[in-house]
Amino acid sequence: SPATTDARGKSSIANSIAIQFAQSTASWGTVVGIGIMENENQTPDEKPYLIGTLTNPEGVPVAENETLSFAAGQLKLTLQ
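None of these values were measured; they are calculated from a predicted model. (Residues numbered from 1 in each chain as written. Predicted model: local features only at pLDDT ≥ 70, side-chain atom pairs only at ≥ 80, totals over all residues. Heavy atoms only, no water.)

Looking at the side chain of N15
Here comes step 1: You can see N15 is positioned in the loop between strand 2 (11-14) and strand 3 (19-20).
Here comes step 2: A polar contact is formed between the side chain of N15 and the backbone oxygen of A71, at a distance of 3.0 Å.
Here comes step 3: Polar contacts involving the side chain of N15 include one to the main-chain amide nitrogen of Q74, which spans 3.3 Å.
Here comes step 4: Look past the residues within four positions of N15 in its chain and what remains in contact with it is F70, A71, A72, G73, Q74 and L75. (Helix = DSSP H or I, 4+ residues; strand = E, 2+ residues; numbered from the N terminus. Polar contact = N/O pair within 3.5 Å; in protein donor to acceptor, adjacent residues only side chain to side chain. Contact = heavy atoms within 4.5 Å.)

With respect to the sheet that holds strand 9 (residues 76-78)
Here comes step 1: Taken together, three strands build an open sheet; the order of strands is 1-2-9 and the sheet is antiparallel. The open sheet is flanked by strand 1 (4-5) and strand 9, the only strands paired with a single partner.
Here comes step 2: Across three bridges, strand 2 lies against strand 9 in antiparallel orientation. Each residue of the ladder has a partner; that of A14, found in strand 9, is K76. (Pairing = 2+ DSSP bridges.)

Quick word on the environment of G59
Here comes step 1: By the element assignment, G59 lies in the loop between strand 6 (50-53) and strand 7 (60-62).
Here comes step 2: Classification of G59 as buried rests on a relative accessible area of 6%.
Here comes step 3: Here the alpha-carbon distance between G59 and K10, two residues 49 residues apart in the chain, equals 24 Å.
Here comes step 4: Those residues in contact with G59, other than ones at most four positions away along the chain, are T30, V31 and V32. (Buried < 20%, exposed > 50% of the residue type's maximum accessible area, 1.4 Å probe, protein only.)

Dropping the structure here:
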């Protein structure tokens, strides 16, 4: 979806389609943040484009054989 700017001048963008990760083959533990990476398989010298924490302070637990997903509009990235 298009970027928006709030009253404080901070820009944000939300996902316009659902985002679904591959089914976990083991427990991922509790997901507390996200990163937007250059490549799917990050190498040690690559840095993420954006990183951030989820607004849910407890995070999202992902057990073995579960699928982490975000509905359209559920994931909003705000530039600080």
